[in-house]
Amino acid sequence: MNATIHLHPHFIIDEVDPRVFGGFLEHLGRAVYQGVYEPASRHADESGCRRDVLAALDRLRFTAMRYPGGNFVSGYHWLDGVGPKDQRPKTRDLAWQSLEPNQFGTNEFLALAKRMRWTPMMAVNLGTGTPEEARQWLEYCNGEPGTKWADLRVEHGFKQPHDVKLWCLGNEMDGHWQIGHLPAEQYAVLAQQTALMMKMADPTVEVVACGSCAVELPTYLAWDRAVLEHCRDAIDYVSLHRYVGNADNDTPNFLACTNSVDEQIEATDALCKFVHQYRKTKRRVYLSFDEWNVWYRARDGAFADGRGKFAPHLLEEVYNLEDALVVAGFLNSFIRHADAVKVANLAQVVNVIAPMLTRGDELLLQSIFYPLEMYAKRREGRSLRVVTDAPSYDTKKHGRASYLDASAILNPRTRELSVFATNRSLEEPMELELDVAGGTTSLRKLTSGEIVTGSDPKLSNTFEQPQRVTSRPFAEVSLGSGGSSSSRATPRVKLPPLSVAAMTFEVGS
Ligand code: AHR
């Protein structure tokens, strides 16, 4: 089939906020213990972190890293996780029915974040916690020495403030499963008070209020409106969460599910703009898409019940090729909505619904690792408006879907244009033309290209066969007769069925 992507270097949506390429590390299952932190592993460094896991995470160049939950945070008291390790209590985590030894806490996470160049994004407990507890934690993290909670941090060996700028006001408080779940109006009061106190303590912080965590909930959007209208200028972002799956085993429909991610973003953004105008707030609130992924197999029942154990195997989803294409679809959607989505966090980063799994001292990179890596390498720059012209198909749940899903980032620093394109067809290759400014701007050469593809959408990596779904270099791009620097080029690309490609071009004039 033939398809075209039309772009123009001046049709800019917005700068892509680097924090859109964030991750999420929760005290859940084996994400922290046996994930990033395992002092007994032969890979452990002097701080107890696993070098092999950190090296793989480094390849994904995560930016904003959300911590410590998730559902976990709604029963978490941060004081349990600071101070001498041998004096920290073992606690019961009700959210995941697990044993929490508190050997990894605020300072361990923030030291790791610094080392990994992550922007820490901390969630406060608004389930069993209070605005005052949140405010104290902020003072512990960011206060200059000389007051009670900042001095406690100094006593714990951290003289310099950690300077944590981004804070979430609880987690999924609209969900009936959440410890401390409240009606929207009551959460809004709690969030506004917490935001106010936190900003009084440190006016440089930004806060994220809980928006709707699932489009299926009956309070979807009504919750957001109540929160936005009450919190008004106290908040900077509202959160969105989304987990998708292919329980019906309908691959074409599943591949199109990211169309509904576009709708979710656009509806929530419209609400933010509405409240901004209607309530005459100082500025509009932006979007923090702070949990997203494919998650449906290892989801309920035994997969989510730790049975009182330490580091139980929970939510250990095994990913396949079709999941990798859907992950690329989420990233395309965030890039296309760069003017609205300012933070996004893949949930999660290791072992728990994650791009990598540990087994003893072994490490497996799952299929979804590869698109994440391909996009992360090319994330710097401005999102360009992408107009596609491609055949489409009917889906069961997502209306008509294009076979082509795409986004583009222009990096003015390197003068490179990156194009991301997914062929959703299961059978047909796609002859794709890149029309840049109607042919008035040339793409001089392909500086790098990578692709993830395969014939079977259900193909997964295993510890025994770890290379079944990976990325490989992709150079099947012809710059046409105009391929020299002196004349115009309209690149043509051949995308195999079930594939996602990331291509970076040097831009001429
Ligand atoms: O990421 C797993 C869980 O999904 C999080 O703890 C929760 O916020 C969401 O429901």
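Residues numbered from 1 in each chain as written. Predicted model: local features only at pLDDT ≥ 70, side-chain atom pairs only at ≥ 80, totals over all residues. Heavy atoms only, no water.

Peer 1: Is there a simple way to explain the packing of helix H3 (residues 131-142) against helix H4 (residues 148-155) in this structure?
Peer 2: In a pair of packed helices, the angle between the axes and the distance between the axes together describe the arrangement. Interhelical geometry of H3 versus H4 gives an angle of 50° and a closest axis separation of 7 Å. As far as their axial angle goes, H4 and H3 are oblique. H4 is crossed by H3, and the crossing has right-handed handedness. Across the interface between the two elements, Arg-135, Gln-136, Glu-139, Tyr-140, Cys-141 and Asn-142 of H3 pack against Lys-148, Trp-149, Ala-150, Leu-152 and Arg-153 of H4. Residues of the contact of H3 with H4, tallied by class, amount to five nonpolar, two polar and four charged. (Axes fitted to C-alpha atoms, helices over the stretch in contact; angles between N-to-C directions. Helix = DSSP H or I, 4+ residues; strand = E, 2+ residues; numbered from the N terminus. Parallel < 35°, antiparallel > 145°, perpendicular 65-115°, else oblique. Left-handed = near helix turned anticlockwise from the far one by under 90°. Contact = heavy atoms within 4.5 Å. Nonpolar A, V, L, I, M, F, W, Y, C, P; charged D, E, K, R; others polar.)

Peer 1: Sorry, what's going on with the nonpolar core here?
Peer 2: One recurring pattern in soluble globular proteins: nonpolar side chains tend to sit buried together. Of all hydrophobic cores here, the largest spans 126 residues; its most connected members are Trp-167, Tyr-187 and Phe-334. Residue contributions to this core peak at nine residues, all from helix H9 (residues 321-336). The residues that make up this core include at least three from each of domain 1 (3-9 + 383-508) and domain 2 (17-379). Filtering out sequence-adjacent residues up to four positions away, Trp-167 remains in contact with Met-122, Val-124, Trp-137, Leu-138, Cys-141, Asn-142, Met-198, Val-205, Glu-206, Val-207 and Val-208. Within the second largest apolar cluster, 28 residues are counted, among which are Ile-5, Val-419, Leu-443 and Val-493. (Core = buried A, V, L, I, M, F, W, Y, C linked by side-chain atoms within 4.5 Å. Buried < 20%, exposed > 50% of the residue type's maximum accessible area, 1.4 Å probe, protein only. Domains from an automatic or database assignment.)

Peer 1: Honestly, the domain arrangement of the protein chain in this entry has me stumped. Any pointers?
Peer 2: Interfaces are often sized by the amount of accessible area the parts lose when they come together. Along its sequence, the protein chain is carved into domain 1 (3-9 + 383-508) and domain 2 (17-379). Spacing between the C-alpha centres of domain 1 and domain 2 amounts to 31 Å. Facing the 46 residues of domain 1 at the interface are 42 residues of domain 2. Of the roughly 3500 Å² buried at the junction of domain 1 and domain 2 (both faces included), carbon and sulfur atoms supply 59%. At the boundary of domain 1 and domain 2, one finds seven salt bridges. When the shortest N-O distance is used, the salt bridge between Glu-450 and Arg-378 registers 2.9 Å. The interface formed by domain 1 and domain 2 contains 25 residue pairs in polar contact (both at pLDDT 80 or more). Counting residues per element, the ones that place at least two in the side of domain 1 that touches domain 2 are strand S19 (400-402), strand S20 (404-411), strand S21 (416-423), strand S23 (443-453) and strand S27 (499-507). (Buried area = accessible area lost by both parts, 1.4 Å probe. Salt bridge = Lys/Arg side-chain N within 4 Å of Asp/Glu carboxyl O. Polar contact = N/O pair within 3.5 Å; in protein donor to acceptor, adjacent residues only side chain to side chain.)

Peer 1: Mind showing me how you'd approach the sheet that holds strand S22 (residues 430-436) here?
Peer 2: Strand pairing in a sheet takes place through backbone hydrogen bonds and is either antiparallel or parallel in direction. Strand order in this open sheet of five strands is S17-S1-S22-S26-S25, and the pairing throughout is mixed. Each edge of the open sheet carries a strand with a single partner, namely strand S17 (387-389) and strand S25 (477-478). (Pairing = 2+ DSSP bridges.)

Peer 1: I'm lost on the layout of surface pockets in this one. Help?
Peer 2: To find leftover empty space, one rolls a probe the size of a water molecule over the atoms. One number sums up the size of the largest pocket: a volume of about 800 Å³. Glu-216, Tyr-243, Val-244, Trp-295 and Arg-299 are, among the 39 residues lining the largest pocket, the residues nearest its centre. Residue assignment for the lining of the largest pocket shows that the elements contributing at least two residues are strand S10 (237-244) and helix H7 (251-255). If one sorts the elements of the lining of the largest pocket by residue count, S10 sits on top with four residues. Tallied by class, residues from the lining of the largest pocket come to 19 nonpolar, 10 polar and 10 charged. Space inside the second largest pocket adds up to approximately 240 Å³. Lining the second largest pocket are 14 residues, and of these Leu-110, Lys-114, Pro-161, His-162 and Asp-163 lie nearest its centre. Listed by contribution, the elements that provide at least two residues to the lining of the second largest pocket are helix H2 (106-116) and strand S7 (119-123). If one sorts the elements of the lining of the second largest pocket by residue count, H2 sits on top with four residues. When grouped by side-chain class, the residues that make up the lining of the second largest pocket number seven nonpolar, three polar and four charged. (1 Å grid on protein atoms, 1.4 Å probe; cavity = no way out; pocket = protein on both sides within 12 Å on 5 of 7 lines; lining within 4 Å. Points joined across faces, edges and corners; volume = space filled by probe spheres on them.)

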